[in-house]
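Listed here are the chains, written in short residue letters.
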Amino acid sequence: MPEYKMVVLVKQVPDTKNITGEAMKADGTVNRAALPAVFNPEDLHALEMALQVREKYGGTVTVISMGPPSAVEVLKDALYRGADRVFLISDRAFAGSDTLATSFALKQAIQTKFPDVDIVFCGRQAIDGDTAQVGPQTAEKLDIAQVTYVESIEHLEKKKIKVRKLIDDGSEIMEAPLPVLLTVTDTANEPRPYMAKKLLKYRKAATDFGLHEQLPKYPKFKEPEALKKHLAGKGIFIEMWNAEDIGADPGQIGFAGSPTMVKKIESITLTGTGFKEIPPTDEGIKDFVAELIEDHVW
Amino acid sequence: MAGHGEVWVYAEEDWDELKEIGIELLSKGRELADGLNVQLCSILIGSKVKKHADILFEHGADKVYVCDKPSLEHYDTVKYAKVIEDLVEKYKPNIVLYGASTQGRDLAPRIASKLRVGLTADCTDLQIGDYKHTDGNQYKNILYQIRPAFGGNIIATIVSPKHRPQMATVREGVMPTPPRQDGRKGEVVIFDPALQNLQNVTQILKREKTEKRVNLKGAQIIVSGGYGVGSRDGFNIVRELAAVLGAEVGASRAAVDAGFIEKDHQVGQTGTTVRPKLYIACGISGSVQHRAGMDQSAKIVAINNDPNAPILSIAHYGIIGDLLEVIPKIIEDIKKRRVD
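These notes cover the structure that comes with them. What you see is a predicted model, and the numbers here were worked out from it, not measured in a lab.

What counts and what doesn't
Residues numbered from 1 in each chain as written. Chains lettered and ligands numbered in written order. Predicted model: local features only at pLDDT ≥ 70, side-chain atom pairs only at ≥ 80, totals over all residues. Heavy atoms only, no water. Helix = DSSP H or I, 4+ residues; strand = E, 2+ residues; numbered from the N terminus. Buried < 20%, exposed > 50% of the residue type's maximum accessible area, 1.4 Å probe, protein only. Contact = heavy atoms within 4.5 Å. Axes fitted to C-alpha atoms, helices over the stretch in contact; angles between N-to-C directions. Left-handed = near helix turned anticlockwise from the far one by under 90°. Nonpolar A, V, L, I, M, F, W, Y, C, P; charged D, E, K, R; others polar. Salt bridge = Lys/Arg side-chain N within 4 Å of Asp/Glu carboxyl O. Polar contact = N/O pair within 3.5 Å; in protein donor to acceptor, adjacent residues only side chain to side chain. Pairing = 2+ DSSP bridges. Buried area = accessible area lost by both parts, 1.4 Å probe. Phe/Tyr/Trp six-rings, centres within 6.5 Å; stacked < 30°, edge-to-face > 60°. Lys NZ or Arg CZ within 6 Å of the ring centre and 35° of its normal.

## So, the side chain of Ser171(A)
Locating Ser171(A) in the fold gives a position in strand E9 (residues 170-177). According to the relative accessible area criterion, Ser171(A) is buried, its value standing at 10%. Excluding residues that lie within four positions of it along the chain, Ser171(A) makes contacts with Arg164(A), Lys165(A), Leu166(A), Lys206(B), Arg207(B) and Glu208(B).

## Considering the packing of helix H1 (residues 41-57) of chain A against helix H2 (residues 72-81) of chain A
Residues and elements named next belong to chain A. Interhelical geometry of H1 versus H2 gives an angle of 35° and a closest axis separation of 11 Å. Once H1 is placed against H2, the crossing between them reads as right-handed. Along its contact with H1, which presents Leu44, Leu47 and Leu51, the element H2 presents Asp77, Ala78 and Arg81. Partitioning the contact of H1 with H2 into residue classes produces four nonpolar, no polar and two charged.

## Section: the pattern of salt bridges
In total, this model carries 37 salt bridges over all chains according to the counting rule given. A salt bridge links Asp116(A) to Lys5(A); its shortest N-O distance comes to 3.9 Å. Linking Asp116(A) in the loop between helix H3 (99-113) and strand E6 (119-123) with Lys5(A) in strand E1 (residues 4-10), this pair joins segments that are 111 residues apart in sequence. Of the charged contacts, one joins Asp295(A) and Lys299(B) as a salt bridge, the two residues approaching to 4.0 Å between their closest N and O atoms. Here the residue Asp295(A) occupies a position in the segment after helix H8 (282-294), and Lys299(B) occupies one in strand E17 (residues 299-304), the pair thus bridging two chains. Owing to a relative accessible area of 40%, Asp295(A) belongs among the partly exposed residues under this scheme. The class for Lys299(B) is partly exposed, based on a relative accessible area of 22%. Through salt bridges with shared partners, a single network forms among Arg30(B), Asp34(B), Asp62(B) and Arg184(B).

## What to know about the side chain of Glu172(A)
Looking at the element boundaries, Glu172(A) is found in strand E9. The class of Glu172(A) is buried, set by a relative accessible area of 6%. Polar contacts involving the side chain of Glu172(A) include one to the side chain of Arg207(B), which spans 2.7 Å. Those residues within four positions of Glu172(A) in sequence are excluded, and the remaining contacts are Val163(A), Arg164(A), Lys165(A), Ile167(A), Ile204(B), Lys206(B) and Arg207(B).

## Observations regarding the environment of Asp106(B)
Positionally, Asp106(B) belongs in helix H4 (residues 104-115). Classification of Asp106(B) as buried rests on a relative accessible area of 1%. Residues Asp106(B) and Asp340(B), spaced 234 residues apart in sequence, show a C-alpha to C-alpha distance of 54 Å. In contact with Asp106(B), not counting residues within four places along its chain, are Pro136(A), Gln146(A), Thr148(A), Lys165(A), Tyr75(B) and Thr77(B).

## Brief notes about the sheet that holds strand E7 (residues 145-156) of chain A
Overall, mixed pairing links the eleven strands, which are arranged E11(A)-E12(A)-E5(A)-E4(A)-E1(A)-E6(A)-E10(A)-E7(A)-E8(A)-E9(A)-E13(B) in an open sheet. Both outer strands of the open sheet, strand E11 (206-207) of chain A together with strand E13 (203-209) of chain B, are each paired with one neighbouring strand and no more. Relative to strand E12 (residues 237-241) of chain A, E11(A) runs parallel, the two being bridged by two bridges. Considered in E12(A), the bridge of Ala206(A) is made with Phe237(A).

## Examining the interface of chain A and chain B
With 76 residues of chain A at the interface, the matching set in chain B holds 78 residues. Interface of chain A and chain B: buried area, both sides summed, is about 6,700 Å²; carbon and sulfur atoms make up 57% of it. Counting the surface chain A buries against chain B, the share from its top three residues, Asp168(A), Met261(A) and Lys263(A), is 10%. At the surface where chain A touches chain B, the tally comes to four salt bridges. Run the count over chain A and chain B and you get 34 residue pairs in polar contact (both at pLDDT 80 or more). Mapped by element, the contributors of at least two residues to the side of chain A that touches chain B are helix H4 (134-142), E7, strand E8 (160-167), E9, strand E13 (261-267), strand E14 (276-277) and H8 of chain A. Take the side of chain A that touches chain B: its biggest share by element is nine residues, from H8(A). By the bridge criterion, two bridges tie E14(A) to strand E18 (residues 317-320) of chain B in an arrangement that is parallel. Bridge pairing links Glu277(A) to Gly318(B) in E18(B).

## Some thoughts on the sheet that holds strand E1 (residues 7-11) of chain B
Residues and elements named next belong to chain B. Taken together, the seven strands give an open sheet; going across it, the order is E7-E11-E6-E1-E4-E5-E12, and neighbouring strands pair in parallel fashion. Each of the sheet's edge strands pairs with one partner strand only, and the pair in question is strand E7 (119-123) and strand E12 (187-190). Going across the sheet, the axis of each strand differs from the next one's by a mean of 25°, ignoring polarity. With three bridges joining them, E1 and strand E6 (residues 95-99) adopt parallel strand pairing. Note that in E6 the partner of Val7 across the bridge is Ile95. Packed on one face of the sheet, helix H1 (residues 20-36) meets E1, strand E4 (40-46), E6 and strand E11 (166-170) and runs near 175° to E1. Along the sheet, helix H3 (residues 77-91) contacts E1, E4, strand E5 (63-68), E6 and E12; its crossing angle with E4, the most-contacted strand, is approximately 145°.

## Side note on H2(A)
Residue and element names in this part refer to chain A. A large share of H2 lies buried, amounting to nine of its ten residues. All of the buried residues in H2 are Val72, Val74, Leu75, Lys76, Asp77, Ala78, Leu79, Tyr80 and Arg81. One or two steps after H2, the chain reaches Gly82, where phi turns positive at roughly 120°.

## Here we look at the packing of aromatic side chains
Residues and elements named next belong to chain B. Summed over all chains, the structure comprises 13 aromatic pairs over all chains. Measuring from centroid to centroid gives 6.4 Å for Tyr91 and Phe191, while their planes differ by 65°, and the two rings are edge-to-face. Taken together, the residues span a long stretch of sequence, with Tyr91 in helix H3 and Phe191 in the loop between E12 and E13 at a distance of 100 residues. The exposure class of Tyr91 is partly exposed, given its relative accessible area of 25%. Its relative accessible area of 9% is what places Phe191 among the buried residues. A network of ring pairs unites the aromatic residues Trp8, Tyr65, Tyr91 and Phe191 as a single cluster. Directly above the ring of Trp15 sits Arg207, whose terminal nitrogen or CZ lies 4.3 Å from the centroid.

This is how it looks when you write it as structure tokens:
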């Protein structure tokens, strides 16, 4: 049985689905501090699909996230659910990256560190930007096939994969050559919960950024370097890559590598000029229906 | 300068029919092309698709680029992207727009990555204006790509001043269908790029079309229920009002998530965008996500027991009361009029 090499790309996002008034600042920008950071929901389905492939066909599941140091939390989450290895791509040089610059960085990471990948999994889209662009753009940059809106994997063999994908008015069964990049929808599966054993093992996992904070918890170690060695020995040190580690050309990442720029951001203001209040009485309703009929609403 | 820096819209075709979105895009496309004084062109790709060009002319296209080959019968990301990439290289358009459909959102990013140009997803408005870059440079007549972000809580204007073409996908249902001008003609440009030896091509083994049970997009009247409806059974009264009005049944995300009704009824940011003549929101508080999908409705009626529900701020009529009491009164009144 071939051992499939799988990479899952995940993102830590502000929980925009449960946004409240307090999450918006007076100037109309988003108060990220007021929003809990979560595992992008559809990325969990991408991870689940990869884990199921591992169980059914064999292979390894590597999870990569690009983001600020705090994104290590989603990587730990991925470990609790059963990912084999996780890596963080983090560098100030990536700040301001649009989807094109992001996909370039992800491509660099995959090409440099996992040149023989068979399947790359992504969530269909992230709930902060809702663009659904990074998946297809990463596939193009890797020069591999892509299938978006994937609901299930029907069959997998050494050189090709058969999947079912959603289209606007139905579904298709498609065959794609490997390597391939799949974007996965939230109807594909039910993400598995944490495994207690994994939680116990990985909850103290840390990356370079977290070492200083962790030091006080380990009186035995005085230096971050020593703690790093210790964590690595236990298999709970999360490796981090910067732009140089993945050979990313500075001109193609961050603001420099992003063709799009934000001109203006406005918060949604309610433009209503006041509504006509209809009393909930028989008489009120009667007049209201009459008014709608008069206006030729139907 | 007509003929240079054209505005292009991708006319998606499937099941031997043009998709509505490709027609919708012609209304905004026309406005942009007129503002820039350039031609508005459609791109038509597939097998036996040339016949659709006339419909595009009648809805405002000046020119249609047609790539008609048997091997293009079914959509394939790499093949279709190659056609558009080659077209762009040859004719150098200023703007290319796609529908934010499953196909458009699969295709446009692949092309943007290859051409290394900007792409803005799921726009709800597009305008032309000037842009002053932070580096001090001024850019004239730039495409403003306007879209909601952060779950619909903010509206962002995105520009891509230094790269051509400027590309965007546009949300379905937000641009009006342009009026049909019978007999309007235009120029057909046949394009026949080499598509042999392409790598990474996929194959469709089977296609299944699910008949849509809910037609929110085409509905003149929509009666929608929210979390305030309370239960799956509670939706019966919403359905009953819809039946009396000959309306379609809609729902908010909260109602769908609570399991009161199926997802294909969902109106809003993650559901369907609608613009009916009459929208009756029953027990819907009106999150930004919901409002983004229905605030273009001609008349909005909100029935809610909370006088502070955000939905009221965009409503034309508000009925503050228990929907289980209010809705039967409306049904009864309408029925009575029919008898009279």
